[in-house]
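If you want the building blocks of each chain, they are given just below.
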Amino acid sequence: MKAKNTLGLILFPAFDWAISPTHPEREERLLYTQDQILEEGIEDIDGIHFFNPGIATTKDINRVHFCYPDPETLLTESHFIAAGGMKRAFDAVLGGETDKSFALVRPPGHHAQRVVYGDRGFCIINIEAVGLEYARKKYGDRRVTIVDTDCHHGDGTEDIYWNDPDTLFISFHQDGRTLYPGTGYMEELGGPGAYGYNINIPLPPNTGDEGFQYVLENTVMPILEDFQPDLIINSAGQDNHYTDPLTNMNFSAQGYAALNHRLNPDIAVLEGGYSIQGALPYVNTGIVLAMAGLDYSGVYEPDYHLGKWKQTDRVTSQVQDIARRVLENWKNKEALAEKKFKGKKTVQRQRQVYYDTAGIMEGQIQEFKVCPDCPGVNMVHSKNDRGAQILGITIPRNACAACEKEGYHIFEDKSSSSKQKKYLQDLLNDRYLTSSD
Amino acid sequence: MIIGIDMGGTNIDGVAIHDGSLIKTVKHPVDRENYFFSIWHCLEELLQNIDPQNINRINLSTTICTNAIVENNISEVGVILQTGPGLKWVFEDLGSYLAYLSGSVDHRGIVVRDLDMKELAEIKENFSQNPIEALAIVNKFSTRNPEFEQRIHDFFKSDYEEITMGHQLSGKLNFPRRVQTAYLNAAVASTFRNFTNHMLEALAQKGITAPIYILKADGGTIDLKGALNKPVETILSGPAASFMGMRALFDDAQTDRCLIDIGGTTTDIFFLVDGTPVFEPTGIEIDRRKTLVRAIYSVSIGLGGDSHVRIEENTIKIGPKRLDAAVAFGGKHLTPTDALVYLGKMTGQYPDKSKDKLKEMAQEIGLEPKALALKIVSMVGQKIKETIEEILDQLNANPVYTIEKLLQDRRIKPQAVEMIGGPAQALAPYLEESLELPVFYPERYEVANAIGAALAKPTVEINMIADTERKILSVPELEIYEKIGKDYNLDKAQDYALELVSKAGTTLGLPQDQIEAEIVEASSFNMVQGYYGVDKNIRVKAQIKPGLLTKLKKEASSHES
Ligand SMILES: [Zn+2]
Ligand SMILES: [Zn+2]
């Protein structure tokens, strides 16, 4: 058997790592997925290659995050390896080894935001962002679309690319009023440098294959047609599955595979998904086959039969309404931005962030400079309930000279409190400094 | 006294070994019309003047099954598959009688949908109208729960003599390979049974009662009873014989080494890591079929002492074909052997002709003859070096699944080379230069394969799973599917796995001090489902290390070049 698209699989189940022995993010998580992939004989398909993950460096992490106190203290080896797995996925595709790649690694990353005090939603670092920024430095900047099909809002990825017009972020998720992390509304459209490039599609509970298919076809594909990305990444969380213990959606392995097939991403990465026996083996196999361009029509769950998970008419009409409104926002993004930011020199955004796994509460104010020549230098002032205080400054990849200069000016300003740890994230020059350096 | 016989493509070699000393060796060409007779002829000669009572065991490395497959001399097999949900593999090369069943079990062995007896009855009816001689029955995930395969087997058992069930062949997961392996096993079963019957009859007539063992591709042996059930295990044992022969002829280094068997046409390359053989990750390939048959990892390249050396577009080319013998041994075409003769490292039957031929080519390409000879020899070294580097790149990239292994990043780095074969001694100094490693070669290598076959000991590998939620412990290789308690744990599983392989070793006639049972991998996964507490999914891989029954005494000791 021969794959139509060559595919690099980074299958790294980390059989010796868990958040805690009975935590959903435990050693067993990819055990049955690996069993299924082995039993299907995927390793013997011509054109599918298995790669070991690399190991990310602290510089790779600093390109994306302000880790407090620092990456070494917060992260375990498993995080460096999961991010290293993502790097390998980018290397496989952009280095020309394979047409596509799929990082089946753990723990996931899409809840990890720019500031990191600890674990949120089982994520500490945003492995897809770490991989992507590494790839942009190594292979040159690219227009990228990240389509997050995890059931939870990809609030970490949203935060990281909030003000980046070259990274279009689209998140499918169960409505935040009914599920962690409680964000991801349609009105969250991005910062002044990238308004409209953050797209949330909050779906009602019990949305099924039909609903996902509808949104993909009628909203996501037209937006991609407009945006013309160089690279599409699928953050393939698998907790929209009808067996998932933490969520309330009715998506199936066939649905996931069909979505992946239609979206045609270059790179996919596993996010959440904790129905490790009833969903993951089938969803992952389905995605592997879809990416390789092989027939996935035989991949279904033991208890799957057509019709069982059909969505109600009420859900269908809700989904259609959401799909329409999201597309409208996209089409009107310039006008909406004009209305929202006109005449402003800076834009502030105030938020509370809860680290559910670590039990930390953070308050932050983000400040974006509105710049006509670049997405603008920006800052995040953050405090947590354990007494930490930080100021993170980001000079964007394509910053203008004025914004570059201003970033260093803010970083070097001695007037701020000495309790505050300062970080400079100079993406333009790939330099990462902290006030204690 | 141990008798070892290696049947290769052209020759059949035999040795008699007593107390680690080589007593007798024989070598004959293989009679392609009658493989049994070839072996018997060799045995008879070895056994002259030896009291049958003094023979402890007879170890055979045979190509009986390999040849049957490659020459397509196999039975008509009815194949019954239960593919379950998943990838739709297309099986085109399983003969003319392929039937599919509905029903399935999942990755944990839980029954998802039962067998359909009506479908089975239809298959039975259909098969009965065709000239089917053997059956292969394979279900997806049958190693996790063999119930369906067994029920299908029972349904057909009065109709067919040779029935292979997939779960018996390996504990490893890989459905398409299990299908191919089961198909081949069923296809060669009667050929191997005939061979065995002949053998036993002939031995009985001679009054020989010593047990017979057959060499497998993993360098271990299997007893005759086991081989009758799993004849597919006996395929492609040739490289294993040569590998084990080298283990017997060289010192017992516990380091990384590269092993090279350089013949006339091909060169086989193997590796040792910390003194342990490197195996094929899943199984060996035969006749373009990927199987689950465990095998020592070996790569064969078209380069040997008799490889064709010629000039093409003003550059020197070597191999991959052998046209005939070296000029120095009566052939017509120049070979690396002739280069070694020119350099005074070998003496041929026709050294003058050989040298003339080399001079002729030297003139054609405008080199001094000695420079050409050196160039040919160094090209051979270079090709071997490049091949080794490619293989190591591949082996060192084999997937790992734990953080510990990933961080450990254990790369194979040969510290020395062991080499046998016709040109080994002559080539050693040049190869040492190319590889920048010490190269060892033994005093005698002619019957290395037969020595390897003779001294290989039985091996057993098991893949155990203990699932405390289903309360089942399974070891497909030993047909064990037992009840366990909720409190079963990793320690118990490891102890039991060691006990099982040791017992299997004893059954195979290994003395206690030779068994060397070891745990290869062991892990225990917490299973958390709802609020019913934590269960365990325990996985243990254990084996009897492949190795030698005894070392060969120093008479055939190795040399550094
Ligand atoms: Zn999720
Ligand atoms: Zn600017």
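Residue indices begin from 1 for each chain and proceed along its sequence in written order. Each chain is given a letter, starting from A, and each ligand a number, starting from 1, according to the order in which they appear as written. Reporting in this predicted model follows two pLDDT cut-offs: at least 70 for local features of residues, and 80 or more for side-chain atom pairs to be given and counted; totals over whole chains, interfaces and linings ignore these cut-offs and use all residues. Hydrogen atoms and water are omitted, and side-chain values are computed over all heavy atoms in the structure.

Draft legend 1. View of the overall build of chain B. Think of it this way: any DSSP run of H or I at least four residues long counts as a helix, any run of E at least two long counts as a strand, and we number them from the N terminus. A count of helical and extended segments in chain B gives 14 helices and 28 strands. Every radius of gyration here is taken over C-alpha atoms, with the globule rule written as 2.2 Å times N^0.38, N being the number of residues. Taking 24 Å as the expected radius of gyration for a compact globule of 561 residues, we find that chain B reaches 26 Å, a close match to that expectation. Across its three principal axes, chain B shows a C-alpha extent of roughly 80 × 60 × 50 Å. Between buried and exposed lies partly exposed: a residue is buried under 20% and exposed over 50% of the maximum accessible area for its type, with that area taken using a 1.4 Å probe on protein chains only. Out of the 561 residues belonging to chain B, those deemed buried represent 58%. Contacts are residue-level and defined by heavy atoms, with any inter-residue pair within 4.5 Å sufficient. In chain B, 65% of the contacts between residues at least 6 apart in sequence involve partners at least 24 apart. Here the accessible surface of atoms and residues is derived via Shrake-Rupley with a 1.4 Å probe, and residues count as covered only by protein chains that are part of the display. By element, 47% of the accessible surface of chain B is carried by carbon and sulfur atoms, the whole surface being about 23500 Å². Looking at chain B, you have 60 positive and 77 negative side-chain charges, and the mean spots of the two groups are 2 Å apart. When charges are tallied, Lys and Arg are placed among the positive residues and Asp and Glu among the negative ones, while His and the ends of the chain are skipped. In plain terms, the charge of a residue is placed at NZ if it is Lys, CZ if Arg, CG if Asp and CD if Glu.

Draft legend 2. The domain arrangement of chain B, seen in detail. You can read the domains of chain B as domain 1 (77–180), domain 2 (300–441) and domain 3 (461–544). Residue ranges labeled as domains rest on an automatic or database domain assignment. On a C-alpha basis, the centres of domain 1 of chain B and domain 2 of chain B stand 47 Å from each other.

Draft legend 3. Looking closely at the coordination of the zinc ion (ligand 2). Residue and element names in this part refer to chain A. Metal donors were taken as nitrogen, oxygen and sulfur atoms no farther than 2.8 Å from the ion, or 3.2 Å where the ion is Na, K or Ca. Water is excluded, so coordination may look unfinished. The protein atoms that coordinate the zinc ion (ligand 2) are C371 (SG), C374 (SG), C400 (SG) and C403 (SG), at distances spanning 2.2 to 2.3 Å. All donors to the zinc ion (ligand 2) come from one chain, and their sequence spacing reads C-x2-C-x25-C-x2-C. Here the residue C371 occupies a position in the loop between β12 (360–369) and β13 (378–384), and C400 occupies one in the loop between β14 (389–395) and α12 (401–412), the gap between them amounting to 29 residues. We classify C371 as buried; its relative accessible area is 14%. Look at C400 and you get buried, because its relative accessible area is 14%.

Draft legend 4. The domain arrangement of chain A, seen in detail. Residues and elements named next belong to chain A. One can read the domain layout of chain A as domain 1 (2–333) and domain 2 (343–434). On a C-alpha basis, the centres of domain 1 and domain 2 stand 27 Å from each other. Tallying the contact residues gives 36 residues for domain 1 and 36 residues for domain 2. Two parts placed together each lose some accessible area; with a 1.4 Å probe, that loss summed over both constitutes the buried area. Taking both sides of the interface into account, the surface hidden between domain 1 and domain 2 amounts to around 3000 Å²; carbon and sulfur atoms contribute 52%. Of all residues in domain 1, F66, R114 and Y117 give up the largest surface area on contact with domain 2, accounting jointly for 25% of the area buried on that side. Within this document, salt bridges are pairs made up of a side-chain nitrogen of Lys or Arg and a carboxyl oxygen of Asp or Glu, the two lying within 4 Å of each other. For the interface between domain 1 and domain 2, the tally reads eight salt bridges. Measuring nitrogen to oxygen at the nearest pair gives 3.0 Å for the salt bridge that ties R397 to D164.

Draft legend 5. A look at the sheet that holds strand β7 (residues 167–174) of chain A. Residues and elements named next belong to chain A. Think of it this way: DSSP has to see at least two bridges between two strands before they count as a pair. Spatially, eight strands are ordered β2-β1-β4-β10-β9-β6-β7-β8 in an open sheet, and the strand pairing comes out parallel. A strand with exactly one partner marks an edge of an open sheet, and here the two such strands are β2 (46–50) and β8 (198–203). Along the sheet, successive strands turn relative to each other by an average axial angle of 15 degrees, direction set aside. Here strand β4 (residues 100–105) runs beside strand β10 (residues 267–270); their pairing, made up of three bridges, is parallel. Axis angles are defined between N-to-C directions and span 0 to 180 degrees, where every axis is a line fitted to C-alpha atoms and, for a helix, only to the segment in contact.

Draft legend 6. Up close: α12 of chain A. Residue and element names in this part refer to chain A. Expected span of a helix: the number of residues minus one, times 1.5 Å. For α12, spanning twelve residues, the distance from its first C-alpha to its last is 17 Å, which sits close to the expected 16 Å at 1.5 Å a residue. Those residues of α12 that sit buried are C403, G407, Y408, I410 and F411. Around the axis of α12, the buried residues are gathered within 160 degrees of arc, so they sit on the same side. Opposite the buried face of α12, by more than 90 degrees, sit the exposed residues A401, K405 and H409. In this context, the arc is that of the directions from the helix axis out to the C-beta atoms.

Draft legend 7. Spotlight on the environment of H261 of chain A. Residues and elements named next belong to chain A. Considering the arrangement of structural elements, one finds H261 in helix α8 (residues 253–263). Separated by 28 residues in sequence, H261 and L289 have C-alpha atoms that sit 9.0 Å apart. Sequence-distant contacts of H261, that is, excluding residues within four places in its chain, are made with A290 and Y296.

Draft legend 8. The coordination of the zinc ion (ligand 1), seen in detail. Residues and elements named next belong to chain A. Ligation of the zinc ion (ligand 1) by protein atoms is provided by D150 (OD), D150 (OD), H152 (ND1) and D239 (OD), these donors lying 2.0 to 2.8 Å from the ion. Every donor counted, the four donor atoms about the zinc ion (ligand 1) form angles of 52 to 155 degrees at the centre, which fits irregular coordination. Each donor residue of the zinc ion (ligand 1) lies on one chain, and together they are spaced D-x1-H-x86-D. Linking D150 in the loop between β6 (144–148) and α6 (155–160) with D239 in the loop between β9 (231–236) and α8, this pair joins segments that are 89 residues apart in sequence. Both residues of the pair, D150 and D239, count as buried. All geometry calls rest on donor angles, where a four-donor set with angles between 85 and 135 degrees is tetrahedral, four- and six-donor sets with opposite donors more than 155 degrees apart and all others between 65 and 115 are square planar and octahedral, and all else is irregular.

Draft legend 9. Just empty space enclosed by the protein, in detail. The definitions used throughout rest on a 1 Å grid laid over the protein atoms alone, on which a cavity is an enclosed set of points accommodating a 1.4 Å probe that cannot get out and a pocket is an open set flanked by protein within 12 Å on both sides along at least five of seven lines; lining residues are those having an atom within 4 Å of a point. Grid points are joined across faces, edges and corners, and a volume is the space filled by probe spheres set on the points. Under the defined criterion, the tally for this structure stands at six cavities of 30 Å³ or more. When its volume is computed, the largest cavity comes out at roughly 270 Å³. As for the largest cavity, its lining consists of 22 residues, of which I160, D164, T394, P396 and L427 of chain A are closest to the centre. Counted by class, the lining of the largest cavity contains nine nonpolar, six polar and seven charged residues. Computed from the structure, the second largest cavity encloses a volume of approximately 80 Å³. Mapped onto the lining of the second largest cavity, the elements with two or more residues apiece are β23 (461–467), β24 (472–475) and β27 (534–544) of chain B. Residues are grouped as follows: nonpolar covers Ala, Val, Leu, Ile, Met, Phe, Trp, Tyr, Cys and Pro; charged covers Asp, Glu, Lys and Arg; every other residue, Gly included, is treated as polar.

Draft legend 10. Expanded view of the packing of helix α1 (residues 35–47) of chain B against helix α5 (residues 175–205) of chain B. Residues and elements named next belong to chain B. Interaxial distance between α1 and α5 falls to 11 Å at its minimum, and their mutual angle equals 25 degrees. In terms of orientation, α1 lies roughly parallel with respect to α5. For the pair α1 and α5, the crossing hand works out as right-handed. Here F36, I39, W40 and L43 of α1 come into contact with α5, specifically with F195, H198, M199, A202 and L203. Of the residues belonging to the contact of α1 with α5, the class tally is eight nonpolar, one polar and no charged. Angles below 35 degrees are treated as roughly parallel, those above 145 as roughly antiparallel, those between 65 and 115 as roughly perpendicular, and all remaining angles as oblique. When the near helix sits turned anticlockwise from the far one by under a right angle, the crossing is termed left-handed; a clockwise turn instead gives a right-handed crossing.

Draft legend 11. Fine view of the packing of aromatic side chains. Here the aromatic set is Phe, Tyr and Trp, taking the six-membered ring for Trp, and pairing holds for ring centres within 6.5 Å; pairs whose planes are under 30 degrees apart are stacked, those over 60 apart are edge-to-face, and all others are tilted. Under the criterion given, the structure shown has 19 aromatic pairs over all chains. Note on Y68 of chain A and Y117 of chain A: the rings are 5.8 Å apart at their centroids and 70 degrees apart in plane angle, and the pair reads as edge-to-face. In this pair, Y68 of chain A is assigned in the loop between β3 (66–67) and α3 (71–74) and Y117 of chain A in the loop between β5 (115–116) and α5 (127–139), connecting sequence segments 49 residues apart. Centre to centre, the rings of F192 of chain B and F195 of chain B are 5.9 Å apart; their planes meet at 40 degrees, and the pair counts as tilted. Residue F192 of chain B and its partner F195 of chain B are located together in helix α5, separated by three residues, close to a single helical turn. According to the relative accessible area criterion, F192 of chain B is buried, its value standing at 0%. Here the aromatic cluster, defined as three or more aromatic residues joined through ring pairs, consists of F172, F212, F251 and Y256 of chain A. The criterion is that NZ of a Lys, or CZ of an Arg, lies within 6 Å of the ring centre and within 35 degrees of the ring normal, and then a charge sits over that ring. Sitting over the face of the ring of Y355 of chain A, R120 of chain A holds its NZ or CZ atom 6.0 Å from the ring centroid. Over the ring of F156 of chain B we find K124 of chain B, and its NZ or CZ is 5.8 Å from the ring centre.

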